[in-house]
Amino acid sequence: MRALVSGPTGLVGSALIDSLARGGDEVLGLTRSAPEPGTAAVRWDPAAGALDAAGLEGFDAVVHLAGENVTHGRWTAARKERIRLSRVEGTRLLSEALAACERKPATLVCASAIGYYGDRGDEICVEETAPADDFLARVAVDWERATSAAAEAGIRVVNLRIGVVLSPRGGMLARVGPLFRLGLGGRVGSGRQYLSWITLEDLVGVIEETLKSPHLAGPVNAVAPGPVTNLEFTRTMARLLRRPARLPLPAPVVKLVWAEMGEALLLASTRVEPARLTAAGYAFRHPDIDTALRDLLGTG
């Protein structure tokens, strides 16, 4: 397979490229920076609406992962607009360019997020669940709609609604792991909010599954089948690391320090099930949080 991956240097993109290359696929990055000597890449500048259209010809599949990180800093009005534009307009630019290709890819796998469902308490969300009406949900809805040009051109489009990605290499676990190892961990807010997660290894496996499974199209929840509450996550971390976890982070502090971002990413409860992956028979390497954290923390 000849594949193109946007966001090639990010946590997920770099892991995906390594995995595809080990499997014998030819993989190029879609990047804003000049490629390193001896490497091949396709250039684009989504903020400027610029893309090397000729460079898109002849790929079997495209995986679009690029987008501004939502966790870096408080959500000012300007930052929220950058988050939206990086996802929606970048995706629209790529989708329309792929639709115009003479040799179109068979598949476009485009990142989305479980923020689509918003704060739902204990409600179980599957792919057919209606979206919420907050900032992240509206971004996710527009993000997925931005792939319409590719779908209308006959490209099979998969919108991956990705949960919290667990890896010691980056993301949430890389931030809280050192605190828990020092005995400084604790629940966030009430601890009753659900965390829908997936390990990096499984996310790469899910992307590869969607690339080779022609019956998977439209929204696909990229989460493990075992969502847990924040309190369950905290207790599992503490037990596996053999450390106390008695320093809670109260909800008022979260709201004071991180404002809207903290409420959406730390206090909201989103309980998501991977219904379509389960129906497709995907076998998760880490189906439950205990198995996942044992591997990721190296506790056996």
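Read on for a plain summary of the structure. Predicted model, so just to flag it, every value in this text is computed and none were measured.

Criteria and thresholds
Residues numbered from 1 in each chain as written. Predicted model: local features only at pLDDT ≥ 70, side-chain atom pairs only at ≥ 80, totals over all residues. Heavy atoms only, no water. Helix = DSSP H or I, 4+ residues; strand = E, 2+ residues; numbered from the N terminus. Buried < 20%, exposed > 50% of the residue type's maximum accessible area, 1.4 Å probe, protein only. Expected span 1.5 Å × (residues − 1). Axes fitted to C-alpha atoms, helices over the stretch in contact; angles between N-to-C directions. Parallel < 35°, antiparallel > 145°, perpendicular 65-115°, else oblique. Left-handed = near helix turned anticlockwise from the far one by under 90°. Contact = heavy atoms within 4.5 Å. Nonpolar A, V, L, I, M, F, W, Y, C, P; charged D, E, K, R; others polar. 1 Å grid on protein atoms, 1.4 Å probe; cavity = no way out; pocket = protein on both sides within 12 Å on 5 of 7 lines; lining within 4 Å. Points joined across faces, edges and corners; volume = space filled by probe spheres on them. Arc of directions from axis to C-beta. Salt bridge = Lys/Arg side-chain N within 4 Å of Asp/Glu carboxyl O. Pairing = 2+ DSSP bridges. Right-handed = clockwise from strand over helix to strand, strands pointing away.

## Describing unusual backbone geometry
Backbone geometry places R242, a non-glycine residue, at a positive phi of 55°. The residue R242 is located in the loop between α7 (230–241) and α8 (251–267) in this model. Positive phi outside glycine occurs at A259, with the angle close to 55°. One can find A259 in helix α8. Judged by relative accessible area, A259 falls into the partly exposed class, the value being 22%.

## Here we look at helix α2 (residues 77–99)
Across its 23 residues, α2 extends 32 Å between first and last C-alpha, which sits within 8% of the 33 Å expected from 1.5 Å per residue. Taken residue by residue, α2 has R79, I83, R87, V88, G90, T91, L93, L94, S95, A97 and L98 as its buried positions.

## Side note on the packing of helix α5 (residues 171–181) against α7
Put simply, α5 and α7 touch, their axes get as near as 10 Å, and they point 55° apart. Looking at the two axes, α5 sits oblique to α7. For the pair α5 and α7, the sense of crossing is right-handed. Mapping the contact onto sequence places M172, L173, V176, G177, F180 and R181 in α5 and F233, T234, M237, A238 and L241 in α7. Considered class by class, the residues forming the contact of α5 with α7 number eight nonpolar, two polar and one charged.

## Remarks on the layout of surface pockets
Size it by volume and the second largest pocket reaches roughly 180 Å³. Forming the boundary of the second largest pocket are A15, D18, S19, R22, R169, L200, E201, V204, G205, E208 and R285. Within the residue set of the lining of the second largest pocket, elements represented by two or more residues are α1 (11–22) and α6 (200–212). Among the residues making up the lining of the second largest pocket, the classes are represented as three nonpolar, two polar and six charged.

## Description of the environment of S33
Residue position: S33 is located in the loop between β2 (26–31) and β3 (41–45). As a C-alpha pair, S33 and D45 span twelve residues in sequence and 8.7 Å in three-dimensional space.

## Digging into α5
Regarding α5, the residues found buried are L173, G177 and F180. Viewed end-on, α5 has its buried residues packed into an arc of 75°, placing them on one side of the element. On its buried face, α5 is in contact with β9 (164–166), α7 and α10 (289–297). Looking one or two residues past α5, G183 carries a phi angle of roughly 80°, positive in sign.

## Concerning the pattern of salt bridges
In this structure the tally under the stated criterion is 15 salt bridges. Measuring nitrogen to oxygen at the nearest pair gives 2.8 Å for the salt bridge that ties E89 to R92. Here E89 pairs with R92, and both are found in helix α2, just three residues apart, close to one helical turn. Linked through salt bridges whose partners overlap, the residues forming this network are E68, R79 and R82.

## What about the pairing of strand β1 (residues 2–6)?
The buried fraction of β1 amounts to four of the five residues, a majority that puts the element mostly inside the structure. Pairing between β1 and β2: five bridges, direction parallel. By the bridge assignment for β2, A3 is matched with V27. A crossover connection joins β1 to the parallel β2 through α1; in handedness this β-α-β unit is right-handed. In the sheet, β1 pairs with strand β5 (residues 61–64) via four bridges, with the strands oriented parallel. Counted as the bridge partner of S6 is H64 from β5.

## Some thoughts on the sheet that holds strand β4 (residues 50–51)
Strands sit in the order β4-β3-β2-β1-β5-β6-β8-β12 across an open sheet of eight strands; the sheet is mixed. Strands with a single pairing partner mark the edges of an open sheet, and in this sheet they are β4 and β12 (218–222). Pairing of β5 with strand β6 (residues 107–113), which is carried by four bridges, proceeds in the parallel orientation. Paired with V62 across the bridge in β6 is L108. Across the face of the sheet, helix α3 (residues 135–145) comes into contact with β6 and β8 (156–162) while running at roughly 175° to β6. Across the face of the sheet, α6 comes into contact with β5, β6, β8 and β12 while running at roughly 165° to β8.

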